[in-house]
Amino acid sequence: MRFLALTLPALLLAGAAHAQAPVKIEFWHAMNGVKDQVAGYARDFNRSQSRYEIVPSVQGNYRELLPKLQAAIKAGNPPALAQLEFTQVPDVAASGGLTDLSGFVDDLPDAFRNDFVPAAWKAGVVAGKNYGLPWNLSVPALLYNANVLKSSPEGWTWTQMEAATRKLATGGRKPLVVTAEAWTFEANVLSRGGSLVDGSRPALNSPEAVEALTQLTRMSAQGLAQPRGLNDVAGGVFDFARGKNLFIMASVANWIDARRIPLVKVGLASFPCEKAASCTVPLGGGALVVPKGATATERAGAQAFWQYLMAPERLADWVEATAYAPPRRSVTPLLGKWYGQNPQIRAVHAQMNRAVPRPTLPQYADWIPLIERAIEQATTGKLSAQAALDAAQKAALK
């Protein structure tokens, strides 16, 4: 009895300590370039409360993370929180791999929800249900060599872009880099008032898409543009650094790394807009999702961490560190000094006012490789723009 009396309090204390241990929330993300920043947010959140412990883990880029997450979901051991690029969310949600967060979003205060730019919420909605919570938002931009181009291309149309490259294409220079990448091509099509989808059907060979790719193909054939594949980033950076290429269409978030290119003063401008009255830009970036199988406690922890990330002062810190666009309007005043020091990025971020979500059809993820193959085929002279996009459309309809 004396032994029991002595050990019982110790057992009770041990049990209490175990019960109070924070629930671990494994968080897979693709922010390798700013992984220390993300780790810092997780560390600060963990210190701010005792119920949850966020454990961040870099899983490569978006395209590398996706199959890992799908395999983990299939095996029944996914993380409780993950980051997905916007066009990846619909496919994973449609396959039953994500938790519907609509109830959580609906319960958020109206003032909080309404502070977000509308496209931020819409980008995470699939078939009327909210599966993605906005985090890192980007808009397409035009990076340029400011050592060569003395005046900013801010506000240019695509017509002006072609005219400028014609003047600058001297000494073997091919001013514009044309990457076989779906998002910036989608932006090109939207800048003309077009779209790559028609309801639930593909519109990969829409008139505006053909017009956009025809121009890029013509510029490539005439030496005004340099076609590049997604796997040729290093070559593109080298040629940009030595002045062979002067313009690159990219995410505004690429500006941070681009400024580190040696010997080049990198300028930043809004994406060219061909038809001002109907010009929009596709919202880029990613959302945080809760994979199916997370417990109620894990889901609550994931949601709490997202709310922590969404605090205006934390978002302001995030924007300044990454150049991603602010998802909440209340963040903009906090960026006044930074925008004053970087006026170019203020104009680029202002594109959020006309940003629209990318297609939220589950099948759009399957159409992306078709779009990118069409860009590559046309700009390298293998097919005409019309033929390449017709082939992509035919494949998408199968």
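Residues numbered from 1 in each chain as written. Predicted model: local features only at pLDDT ≥ 70, side-chain atom pairs only at ≥ 80, totals over all residues. Heavy atoms only, no water.

The name given to the protein chain in an unreviewed UniProt entry is Sn-glycerol 3-phosphate transport system substrate-binding protein, with Deinococcus enclensis as the source organism. In its Sequence similarities (unreviewed entry) section, the UniProt record describing the protein chain reads: "Belongs to the bacterial solute-binding protein 1 family." (UniProt positions renumbered as here; feature names shortened; annotations may be inferred.)

Asks: Where do I start with the packing of helix 9 (residues 182-190) against helix 10 (residues 207-221) in this structure?
Replies: If you want to describe how two helices pack, look at the angle between their axes and the distance between the axes. One can describe the packing of helix 9 onto helix 10 by two numbers: an axis separation of 8 Å at closest approach and a directional angle of 115 degrees. In this view, helix 9 runs roughly perpendicular relative to helix 10, as classed from their interaxial angle. The chirality of how helix 9 crosses helix 10 is right-handed. For the pair helix 9 and helix 10, the contacting residues are Phe185, Asn188 and Val189 in the first and Glu208, Ala209, Ala212, Leu213 and Leu216 in the second. (Axes fitted to C-alpha atoms, helices over the stretch in contact; angles between N-to-C directions. Helix = DSSP H or I, 4+ residues; strand = E, 2+ residues; numbered from the N terminus. Parallel < 35°, antiparallel > 145°, perpendicular 65-115°, else oblique. Left-handed = near helix turned anticlockwise from the far one by under 90°. Contact = heavy atoms within 4.5 Å.)

Asks: I tried to follow unusual backbone geometry on my own but got confused; where do I start?
Replies: Trans is the prevailing form of peptide bonds, just as negative phi is the prevailing case for residues other than glycine. Residues other than glycine seldom take positive phi values, yet Ala127 does so here, at roughly 50 degrees. The residue Ala127 is located in the loop between strand 4 (125-126) and strand 5 (129-130) in this model. Exposure remark for Ala127: the relative accessible area of 77% places this residue in the exposed category. Despite not being glycine, Leu263 has its phi angle at roughly 70 degrees, a positive value. Checked against the element boundaries, Leu263 lands in the loop between helix 12 (255-258) and strand 13 (266-270). You can call Leu263 exposed: its relative accessible area is 80%. (Buried < 20%, exposed > 50% of the residue type's maximum accessible area, 1.4 Å probe, protein only.)

Asks: Just checking my understanding: could you explain the packing of helix 9 against helix 17 (residues 364-379) for this structure?
Replies: The geometry of helix 9 relative to helix 17 is characterised by a closest axis approach of 9 Å and an angle of 80 degrees between their N-to-C directions. It follows from the interaxial angle that helix 9 and helix 17 lie roughly perpendicular. Facing helix 9, whose interface residues are Ala182, Phe185 and Glu186, helix 17 presents Tyr364, Ile368, Ile371, Glu372 and Ile375.

Asks: Mind showing me how you'd approach the side chain of His29 here?
Replies: Within the secondary structure layout, His29 lies in strand 1 (residues 23-29). Ignoring sequence-local partners within four residues, the contact set of His29 consists of Lys35, Val38, Pro56, Ser57, Val58, Gln59, Gly60, Leu65 and Gln83.

Asks: Mind showing me how you'd approach the packing of aromatic side chains here?
Replies: Two numbers describe a pair of aromatic rings. These are the distance of the centres and the angle of the planes. Taken as a whole and judged by the stated rule, the model has 17 aromatic pairs. With a centroid separation of 6.1 Å and an interplanar angle of 20 degrees, the aromatic rings of Phe116 and Trp306 are classed as stacked. Of this pair, Phe116 sits in the loop between helix 6 (110-114) and helix 7 (118-122) while Trp306 is found in helix 13 (residues 296-309), placing the two residues 190 residues apart along the sequence. In this structure Phe116 comes out as buried when scored by relative accessible area, which is 2%. Sitting over the ring of Trp255, Arg259 keeps its end group 4.0 Å from the ring centre. The aromatic ring of Tyr308 is capped on one face by Arg314, whose charged end is 3.6 Å from the ring centroid. (Phe/Tyr/Trp six-rings, centres within 6.5 Å; stacked < 30°, edge-to-face > 60°. Lys NZ or Arg CZ within 6 Å of the ring centre and 35° of its normal.)

Asks: Before we go on, may I ask you to explain the state of the cysteines in this structure?
Replies: By definition, a disulfide links the sulfur atoms of two cysteines through a covalent bond. In this structure the tally under the stated criterion is one disulfide. Put simply, Cys273 and Cys279 are joined by a disulfide, and their sulfur atoms are 2.3 Å apart. (Disulfide = S-S within 2.5 Å.)

Asks: I'm lost on the side chain of Asn130 in this one. Help?
Replies: Examined against the element boundaries, Asn130 turns out to sit in strand 5. We classify Asn130 as buried; its relative accessible area is 6%. Within polar-contact distance, the side chain of Asn130 engages the backbone nitrogen of Gly132 at 3.3 Å. Not counting chain neighbours up to four residues away, the residues in contact with Asn130 comprise Thr99, Asp100, Leu101, Ser102, Val105, Trp121, Gly124 and Val125. (Polar contact = N/O pair within 3.5 Å; in protein donor to acceptor, adjacent residues only side chain to side chain.)

Asks: Is there a simple way to think about the pattern of salt bridges in this case?
Replies: Charged atoms that come close allow side chains of opposite charge to pair. With the rule as written, the count across this model stands at 13 salt bridges. For Arg113, the salt bridge is made with Asp110, and the minimal N-O distance between the two is 2.8 Å. One end of the pair is Arg113 and the other is Asp110, both in helix 6 and three residues apart, which spans about a single turn. The partner of Arg218 in a salt bridge is Glu162, with the nearest N and O atoms 2.8 Å apart. On the criterion of sequence distance, the pair formed by Arg218 in helix 10 and Glu162 in helix 8 (residues 158-168) is long-range, its members being 56 residues apart. Glu162 sits in the buried class, given a relative accessible area of 10%. (Salt bridge = Lys/Arg side-chain N within 4 Å of Asp/Glu carboxyl O.)

Asks: What is the right way to read the layout of surface pockets from this model?
Replies: Summary: where empty space remains is shown by rolling a probe the size of a single water molecule over the atoms. Approximately 190 Å³ is the volume attributed to the second largest pocket. Lining the second largest pocket are Val117, Pro326, Arg328, Arg329, Thr332, Tyr339, Arg346, His349, Ala350, Met352 and Asn353. Across the lining of the second largest pocket, the residue classes tally to five nonpolar, three polar and three charged. (1 Å grid on protein atoms, 1.4 Å probe; cavity = no way out; pocket = protein on both sides within 12 Å on 5 of 7 lines; lining within 4 Å. Points joined across faces, edges and corners; volume = space filled by probe spheres on them. Nonpolar A, V, L, I, M, F, W, Y, C, P; charged D, E, K, R; others polar.)

Asks: Please explain the nonpolar core as it appears in this structure.
Replies: One broad rule of soluble globular proteins: the nonpolar side chains tend to lie buried together. Counting residues in hydrophobic clusters, the biggest one holds 69 residues, and the most contacted among them are Trp135, Phe305 and Trp306. The element contributing the most residues to this core is helix 13, with five residues. If near-sequence neighbours (up to four positions away) are discounted, Phe305 is found in contact with Phe27, Tyr41, Ala42, Phe45, Ile54 and Leu81. Ranked by size, the runner-up nonpolar core spans 44 residues in total, among them Phe271, Ile368, Ala388 and Ala396. (Core = buried A, V, L, I, M, F, W, Y, C linked by side-chain atoms within 4.5 Å.)

Asks: Please explain the pairing of strand 7 (residues 140-145) as it appears in this structure.
Replies: Looking along a regular strand, one sees side chains alternate from face to face of the sheet. Among the six residues in strand 7, six count as buried, and that is most of the element. Side chains of strand 7 alternate between two faces, with Pro140, Leu142 and Tyr144 and Ala141, Leu143 and Asn145 buried alike. Sheet topology places strand 7 next to strand 13; five bridges connect them, and they run antiparallel. Note on strand 13: the bridge partner recorded for Leu142 is Ala269. (Pairing = 2+ DSSP bridges.)

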